[in-house]
Amino acid sequence: MQLLDGKFASEKIKQEIAAEAAAFLAESGRKPHLIAILVGNDGGSETYVASKMKNCEKVGFQSSLIRYDVTVTEAELLQKIEEINQDAGVDGLIVQLPLPKHIDPEKVTETIDYRKDVDGFHPVNLGRMMRNLPCFIPATPYGILLMLQAYQIDTTGKHCVVVGRSNIVGSPMSILMARNANPGNCTVTLTHSKTANLKELALQADIIVAAIGKKNFVTADMVKPGAIIIDVGINRETSTETKSGYKLYGDVDFDNVAPKASWITPVPGGVGLMTIVGLLKNTLASAKKEIYP
Ligand code: NDP
């Protein structure tokens, strides 16, 4: 078993991003700029946004956090997004999910200018991805592709079983792995909670992408010897063992699956770190007008 080490891969790519950001600053006189909007104070969201902001600073981007109380109205939020859309000094805008129930996430996603949608959730970007056109790829699937690239894993001809069909992870991942590209060129099976014979399908997989949101969901008896395991899950549980007061678990039973796998991502230290790299790469591409000139 070999580890797909998110720390190693992300640090290497962040160095490249930092060099490009410095060149962009020298040429344009400004830094790539990412704005994040955070509504409320959900523990997980606070941590993710703080990490995104910190990483922006590390690679020489400008980052701004706009916070709203959980009582903010949908209209107020949409108005702010419209305002940022018009600001030529902003390259990327993300709104951290989940949002409170009175705010429609679809409206929020569609209000963000697709040219600043560095999370890659806007229908224009998803549609362009589907057609293999330049677009902002959703940050987590993009991070997974970058991880596979970093370890020069050839996915051509492999059977990839994606578990989970969310709009932000499972569904886009299934499209990307089936694309005529490498990473890609896979035969893909997209599974979900209504899938009848998940274990049988998983056992046929050369690559499993687990994006379910359930601790230790993928067990050793579901994995073919030599499979590549990508664990997207981040499940937080309170713990007295850690300083932070919680511990993170993936969707894969790492201890028992790892000995069977050829490659496996750890949690933490795997896909989560690569998601941030995906976001940074999209923000840089936006600043450089590489996707939408
Ligand atoms: P969602 O809750 O949106 O989707 C979960 C998916 O899992 C759904 O499609 C659901 O099926 C499926 N599912 C649930 N139970 C089962 C089951 N018993 N058998 C098969 N499929 C099942 O989650 P996300 O995609 O947003 O996130 C998944 C996990 O990844 C979470 O732990 C999340 O925290 C983590 N995550 C990590 C990121 C990172 O950077 N590492 C980024 C984003 C998410 P159905 O559609 O039928 O309900």
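As the structure is a computational prediction, the values presented were derived from the model and not from experiment.

The next point concerns the state of the cysteines. Within this structure, the stated rule accounts for zero disulfides. Not part of a disulfide, C135 finds its nearest cysteine sulfur in C186, a span of 18 Å. When its relative accessible area of 9% is taken as the criterion, C135 is described as buried. Looking at the unpaired C186, the closest cysteine sulfur is the one in C160, lying at 5.1 Å.

Before going further, it helps to spend a moment on the site of the ligand. In the vicinity of the ligand there are 21 residues, among which R165, S166, S193, I234 and T275 approach most closely. Take V232: an N or O atom from its main chain is 3.2 Å from a nitrogen atom of the ligand. For the ligand, whose free accessible area comes to 920 Å², the fraction covered by protein is 71%. Among the elements that make up the shell around the ligand, the one with the highest residue count is helix 10 (residues 271-287) (three residues). Counted by class, the shell around the ligand contains nine nonpolar, ten polar and two charged residues.

Turning our attention to the side chain of D117. Topologically, D117 is positioned in the loop between helix 4 (105-111) and helix 5 (123-130). Summary of buried charges: D117 has no salt-bridge partner, and the nearest side chain of opposite charge, R128, is 10 Å away. Separated by 3.1 Å, the side chain of D117 and the backbone nitrogen of F121 make a polar contact. In this structure, D117 is in contact with L93, I112, H122, N125 and F136, ignoring residues within four places of it in sequence.

With that out of the way, let us pick up the UniProt feature "domain: Tetrahydrofolate dehydrogenase/cyclohydrolase catalytic" (unreviewed entry) in the chain. In the numbering used here, UniProt assigns the "domain: Tetrahydrofolate dehydrogenase/cyclohydrolase catalytic" (unreviewed entry) feature to residues 4-119. In this annotation, residues 4-119 is assigned 50% helix and 16% strand; the end-to-end C-alpha distance for the span is 23 Å.

Next up on the list: the domain arrangement of the chain. Looking at the chain, the domain boundaries give domain 1 (22-119) and domain 2 (139-274). With centres defined by C-alpha atoms, the gap from domain 1 to domain 2 works out at 27 Å. With six residues of domain 1 in contact, the opposing surface of domain 2 contributes five residues. Between domain 1 and domain 2, roughly 380 Å² of surface is buried when both sides are summed, and carbon and sulfur atoms account for 46% of that area. By the criterion of area lost to domain 2, the three top residues of domain 1 are T47, Y48 and D119, representing 61% of everything that side buries. On the surface where domain 1 and domain 2 come into contact, there are zero salt bridges.

Turning our attention to the packing of aromatic side chains. Using the criterion set out here, one finds four aromatic pairs in the structure. On the numbers, 5.0 Å between centres and 80° between planes, the contact of Y114 with Y292 is edge-to-face. Of this pair, Y114 sits in the loop between helix 4 and helix 5 while Y292 sits in the segment after helix 10, placing them 178 residues apart in sequence. With a centroid separation of 5.8 Å and 70° between ring planes, the pair formed by F136 and Y292 is classed as edge-to-face. Taken together, the residues F136 in the loop between helix 5 and helix 6 (139-150) and Y292 in the segment after helix 10 connect sequence positions 156 residues apart. With a relative accessible area of 1%, F136 lands in the buried category.

Moving on, we come to the environment of P105. Looking at the secondary structure, you find P105 in helix 4. Judged by relative accessible area, which is 37%, P105 ranks as partly exposed. Leaving out residues up to four positions away in the same chain, P105 has contacts with L97 and L99.

Our next topic: the sheet that holds strand 2 (residues 33-39). One open sheet accounts for three strands, arranged 3-2-4; its pairing is parallel. A strand with exactly one partner marks an edge of an open sheet, and here the two such strands are strand 3 (62-68) and strand 4 (92-95). For this sheet, the mean inter-axis angle between neighbouring strands, taken without regard to orientation, is 15°. Pairing between strand 2 and strand 4: four bridges, direction parallel. Across the sheet, L34 pairs through a bridge with G92, a residue of strand 4. Together, strand 2, strand 3 and strand 4 form the strand contacts of helix 2 (residues 43-58), whose direction differs from that of strand 3 by roughly 160°.

Criteria and thresholds
- Residues numbered from 1 in each chain as written.
- Predicted model: local features only at pLDDT ≥ 70, side-chain atom pairs only at ≥ 80, totals over all residues.
- Heavy atoms only, no water.
- Disulfide = S-S within 2.5 Å.
- Buried < 20%, exposed > 50% of the residue type's maximum accessible area, 1.4 Å probe, protein only.
- Near = heavy atom within 4 Å.
- Polar contact = N/O pair within 3.5 Å; in protein donor to acceptor, adjacent residues only side chain to side chain.
- Areas by Shrake-Rupley, 256 points an atom, 1.4 Å probe, with all protein chains shown as cover.
- Helix = DSSP H or I, 4+ residues; strand = E, 2+ residues; numbered from the N terminus.
- Nonpolar A, V, L, I, M, F, W, Y, C, P; charged D, E, K, R; others polar.
- Lys, Arg positive; Asp, Glu negative; His and termini not counted.
- Salt bridge = Lys/Arg side-chain N within 4 Å of Asp/Glu carboxyl O.
- Contact = heavy atoms within 4.5 Å.
- UniProt positions renumbered as here; feature names shortened; annotations may be inferred.
- Domains from an automatic or database assignment.
- Buried area = accessible area lost by both parts, 1.4 Å probe.
- Phe/Tyr/Trp six-rings, centres within 6.5 Å; stacked < 30°, edge-to-face > 60°.
- Pairing = 2+ DSSP bridges.
- Axes fitted to C-alpha atoms, helices over the stretch in contact; angles between N-to-C directions.

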